[in-house]
Amino acid sequence: MTMIDRRSVVLGLSAAPFLTRGAVSQGVSTTYRLGFLMPLTGGSGKLGQMMLEGSQLAVDEINAEGSRKIELIAEDSQALAKNGIDGFRKLAEVDKVPFVITGWTAVVAAIAPLATESKVYLLSASSASPALRSVSPYFQSTWMFDDETVRLILPYAAQKLNVAKLGLLTEVSDLGAALGASIKKEWSRLGKELSIEESFQSKETNFRPSLLKILATKPDAIYNTSSNGKLSAQVVRQARELGYEGIFLSYGAFEDPEILAIGQKAEKCFYTSPTFDTTARNETTRKFVDAFTRKHSRPPNIHQANHYDLVQLFSAVAANLAREKAPLTGQAFRTELTSKFPTYDGAAGRYRFNFADGSVMRSTVVKTVKDGAFVKIADLD
Amino acid sequence: MTSSMLLLNLIVDGVTLGCIYSLIAIGFSLLWWIAGIVHIAHGATMLAGGFALFAALEMGGAGLSVALLAGLLGAVALGVIVEIFMYRPLLNRGTDEMGILTASLGALIFFEYAITIAFGPEGATLDAGGLRTPVIQGLPLVFDRFSALIVCVTLLTFLALWFLLAKTQIGREMRAIASNLDLAEVLGINIRLVQVYAAAIAAALCLPPAAFLLFNTGLVPSEALHVVLVASVVAILGGRGSLLGALVAGLLIGVAESAMTWRFAAGWRQLITFSLLYVLLLVRPQGLFGERV
Amino acid sequence: MAYLAHLLTIANIYIVLAVSLDLLVGYTGLISLAHAAFFAIGAYSTAILQKSDIGPFAAMATGMAVAALLSVLAALPSLRVRGVYLLIVTIALQIVTTVVLLNWGELTGGPGGIARIPPLVVFGQPLHGLAFTALTSVVAAAVFAVCWRLMHSPFGTLLQAVRDDELSCLMLGKNVALAKISVFAFSGALAAMAGSLYAHHTSYVDPSGFDVIVSILILLMVMLGGAGTLYGPVVGAITLTLLPEVLRFMPAPPGVAAASKQLVYGLLLVIIIFFRPQGLLGKGRFHARG
């Protein structure tokens, strides 16, 4: 066995110059495939579709440049583990993609072991559960884990929004449990007590009983852990209908079109988000914002910027590998990314990766809903 | 707010929820009583009514009364179509109860996903706006005008239905068919026609609960099966042939589901509904007010 | 190839499910929409017990035993009510199971489920891909053979007699209650075995894989192929496993594709009842009696 291996390596080395010449003459015809495994239908479907717009824009730009072709293969996970596994198997085994853009905690947790096994690299800009820390050497998050964002928003709520009594509404899920735990820890570190903790099912539509229980404790603010825009919008709307006029706290997933659909009721909601300024002067951001606005006649949001960045990052790593004449496999991608890209400056700002546990640090802001739009109100770091 | 005040609020909220359950159950029950059809597709007629209302209001820009009429037409049209083109031919072929039930389930799934394709899986929600102000200002009791409306409409609907069944010719014919099919035939009642009326009335009864859901928690296509299941539990719990039973059973389940969150996590609510059903069928299969199985 | 192996494994697992449900639906005339609940019990037993060191086969056996015991819960109402009432009771059991899976987080992992279930190890050899497909094929064939023997034994004849005329069976002094309880328990245990294999195969279990829609799908497999034949459900299981995969490769917007699959299922149900109530391969009239 060893001998054959050694021989094939030698053969491979000697054949390399010919092979590369062949590859160069093929030119544009080298097509890189990347998987996009996200909810495209269901309660998170609208958000997933939005994210696809960001990624698709990057694919179109790169293909227009002509130096290489990228083919994006989208599969619908519906944010469910089962569909995620089926979709991942198809991407990895039928389409043979080395790299998949994915998201949502349940899906990532389910496919991470498969990714480790099949050496397919996963990047996510839409999973926030700290339970995903070190879930796989083939998983890297580009979205801050929520225990870190909780450490930013709770002190802000206590000091700037004068929140003394906090109610906690957790979704029964990995993410909900992890978030609930970090909120309780952080809030007691601030020397405060939770007034109540209530939970709800991910398919629930009637939150009135849970909200009645929370409102009975007269909280100043309610932290809602749901990552599903439709659910969060329902929670806020039903609480307002029950006469609650206080604050809602949340995190990045709150920036969802469903929230804006409930109009004025969504005001007095505050959440953290990575810094993304459509008016930023740096060239990457400006180019992206212009191109997106041209294509869709509306400005992009943070999620579209993130998913645009993911494809550009993929393309940059792939370009490096092509220069080094290395084949684009999940393994090579991982080596190249972790050795050459400790940080990445994209349209949505700077990503500082921690490859040891798959986490990322980004500069963070507090945003709120004002006059039917998501607006930034403060920097957090 | 004290703990007992919270319980009171939960019960009040449970009553409005229970009213919606009763309304859905009564439409479902009508075909069950009269034609022996387990009308699973009732969930689809409710979706049809709700989404016709939504489409007229939001997309067509119609006023509320026109939109309600559109919803009524949507529900009745689908109910009658299912009766004439599915139940009728199946009954004519002598298809048994389970066969009709399976076809009805198929029809529910078909229309549910047809609506999903047309309106998207997220469903529709509308805002009750000004109706969400409390009936009596300044009380810690959460009882708004929308909830009051639900309770009033439910009571009126049940009264009207009672009047229809007890005092009108068509109602008497329906009851005759329900209690003894052969005798009704001998008496010269046009059974086919009466069943079409029953299907139309059952479908029309979908409109109030569909509208209430639309303005309350939202109308989601994938909820259709679950809604019918709750309706069937209410129908069985209430007992075959009993209007009062359906009303009481709906309220009972609504209040039980809501009140249990006083001490338990909300996620366990459905456990109440279905455990109640299980125990009941073991000990009293004819239901609370029913006379026979 | 690996993908094809995956599909065949899934088809084998559904064959076990459909054949075991046919014992109830086709042979005994008891319609059940709780089969996915027993499927879940097998899958979750394997998922939960993999952390202990009792080994995969003991875990599988535990799941089968628990499912057999809980099947008695479904069987009890069937002694008093039938038809629609029974159907609704089984749906109730199915929903209670889903509620428990979702809410008993410490045991079941809640909506997130349980991940990283290792592959099945047979004689020290972890089975992946085609090897696991081969194993599930053997299991499916064995289940079919055992059920075939059983349904053509005096026990099977008794079940069919109960289906066709329960009153006469009672008058002949047959123990109808015991027959119903044992067929429920046997069917539930087989579903749990399928669940255990499924857990090893996907390496992941969560409540959405075992909800009432899955129960409906299994019932549809039985009825499409032909209830009361055993080979009919095999054909039904293969057809309905492969059909959506064909749809997956058709060009349609993702949301529409997923919804049209369900829409086709609904239409199929209606068409079967209209034109071939006995199923594709069924012989007589389909007669689960109300």
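What you see is a predicted model, and the numbers here were worked out from it, not measured in a lab. Within each chain, residue numbers correspond to sequence positions counted from 1 in written order. Lettering for chains starts from A, numbering for ligands starts from 1, and both go in the order in which the items are written. Given that this is a predicted model, residues contribute local features only at a pLDDT of at least 70 and side-chain atom pairs are listed and counted only at 80 or more, while totals for whole chains, interfaces and linings are drawn from all residues.

1. Some details on helix H11 (residues 243–260) of chain B
Helical segments are the DSSP runs of H or I of at least four residues, strand segments are the runs of E of at least two, and each set is numbered from the N terminus. Here a helix's expected span is defined as the number of its residues, less one, multiplied by 1.5 Å. The first and last C-alpha atoms of H11 of chain B sit 26 Å apart over 18 residues, in line with the 26 Å expected at 1.5 Å per residue. Buried residues of H11 of chain B: Leu-243, Gly-245, Ala-246, Leu-247, Ala-249, Gly-250, Leu-251, Leu-252, Ile-253, Gly-254, Glu-257 and Ser-258 of chain B, and no others. Throughout, a pair of residues is in contact if the C-beta atoms placed from their backbones lie within 7 Å. Residues of H11 of chain B that are buried sit in contact with helix H7 (208–215) of chain A together with helix H1 (3–35), helix H5 (145–167), helix H10 (224–238) and helix H12 (269–283) of chain B. Exposed residues have 12 or fewer other C-beta atoms within 10 Å of their own C-beta, buried residues have 20 or more, and residues in between are partly exposed; the C-beta atoms are placed from the backbone.

2. A few points about the pairing of strand S10 (residues 269–274) of chain A
Residues and elements named next belong to chain A. Judged by how many residues are buried, S10 sits mostly within the fold: six of six residues are covered. Residues Cys-269, Tyr-271 and Ser-273 line one face of S10 and the alternating positions Phe-270, Thr-272 and Pro-274 line the opposite face, and both faces are buried. Strands are treated as partners if at least two bridges between them are detected by DSSP. With three bridges connecting them, strand S9 (residues 247–250) and S10 associate as parallel partners. Following the sheet pairing, Phe-248 is matched in S10 by Cys-269. Judged from the five bridges that link them, S10 and strand S14 (residues 364–370) form a sheet pairing that is antiparallel. Bridge pairing in S14 links Ser-273 to Val-365.

3. Structural notes on the domain arrangement of chain A
All names here are of chain A. The domains assigned to chain A are domain 1 (29–145 + 280–362) and domain 2 (146–276 + 365–379). How far each domain reaches was decided by an automatic or database domain assignment. Of note, the centres of domain 1 and domain 2, computed from C-alpha atoms alone, are 28 Å apart. Contacts between domain 1 and domain 2 engage 20 residues on the former and 25 residues on the latter. Those elements that provide at least two residues to the side of domain 1 that touches domain 2 are helix H2 (45–65), helix H4 (105–118) and helix H11 (302–323). Take the side of domain 1 that touches domain 2: its biggest share by element is three residues, from H4. Gly falls in the polar group here, along with every residue not listed as nonpolar (Ala, Val, Leu, Ile, Met, Phe, Trp, Tyr, Cys, Pro) or charged (Asp, Glu, Lys, Arg). Counted by class, the side of domain 1 that touches domain 2 contains 12 nonpolar, six polar and two charged residues.

4. Observations concerning the environment of Leu-215 of chain A
All names here are of chain A. As for its placement among the helices and strands, Leu-215 is situated in helix H7. Taking the C-alpha atoms as reference points, Leu-215 and Gln-331, 116 residues apart in sequence, are found 51 Å from one another. When residues no more than four places from it in sequence are discounted, the contact partners of Leu-215 are Leu-242 and Tyr-244.

5. Looking at the nonpolar core
Among the nonpolar cores identified, the biggest contains 320 residues, and Leu-108 and Val-234 of chain B together with Ala-18 of chain C are the most heavily contacted of them. Broken down by element, the residue count for this core peaks at 17 residues, all from H1 of chain B. If you count residues domain by domain, this core takes at least three from each of domain 1 (29–145 + 280–362) and domain 2 (146–276 + 365–379) of chain A. Nonpolar core, as used here: buried Ala, Val, Leu, Ile, Met, Phe, Trp, Tyr and Cys residues forming one set through C-beta atoms within 7 Å.

6. Looking at the interface of chain C and chain B
With 38 residues of chain C at the contact, the number on the chain B side is 38 residues. For the side of chain C that touches chain B, the secondary-structure elements that each account for two or more residues are helix H3 (56–80), helix H4 (83–103), helix H10 (212–225) and helix H12 (254–275) of chain C. Taken together, the residues of the side of chain C that touches chain B break down into 28 nonpolar, eight polar and two charged.

7. Here we look at the packing of H1 of chain B against H10 of chain B
Residues and elements named next belong to chain B. All axes are obtained by fitting lines to C-alpha atoms, using only the stretch in contact for helices, and the reported angles, taken between N-to-C directions, cover 0 to 180 degrees. Interhelical geometry of H1 versus H10 gives an angle of 75° and a closest axis separation of 8 Å. In terms of orientation, H1 and H10 fall into the roughly perpendicular class. For the pair H1 and H10, the contacting residues are Tyr-21, Ser-22, Ile-24, Ala-25, Phe-28, Ser-29 and Trp-32 in the first and Val-227, Val-228, Val-230, Ala-231, Ser-232, Val-234 and Ala-235 in the second. An angle counts as roughly parallel when it lies under 35 degrees, as roughly antiparallel when it exceeds 145, as roughly perpendicular when it falls between 65 and 115, and as oblique in every other case.

8. Details of the pairing of strand S4 (residues 121–124) of chain A
Consecutive side chains along a regular strand alternate between the two faces of the sheet. All names here are of chain A. Burial along S4 is two-sided: the residues Tyr-121 and Leu-123 and Leu-122 and Ser-124 are all buried. Relative to S4, strand S3 (residues 99–102) runs parallel, the two sharing four bridges. Across the sheet, Phe-99 pairs through a bridge with Tyr-121, a residue of S4. At this point the chain moves from S3, through H4, to the parallel S4, and the crossover so formed is right-handed. Alignment of S4 against strand S5 (residues 139–141), held across three bridges, turns out to be parallel. Bridge pairing links Ser-124 to Ser-141 in S5. By convention, orient the strands away from the viewer: a clockwise path from the first strand over the helix to the second makes the crossover right-handed.

9. Focus: the interface of chain B and chain A
Counting residues at the interface gives 18 residues for chain B, matched by 22 residues for chain A. Residue composition of the side of chain B that touches chain A, by class: eight nonpolar, six polar and four charged.

10. Observations regarding the sheet that holds strand S12 (residues 349–354) of chain A
All names here are of chain A. Within the open sheet, the three strands sit side by side as S11-S12-S13. Their pairing is antiparallel. Either end of the sheet is taken by a strand with one partner, and the two such strands are strand S11 (343–346) and strand S13 (359–361). The mean angle between the axes of side-by-side strands here comes to 30°, regardless of whether they run parallel or antiparallel.

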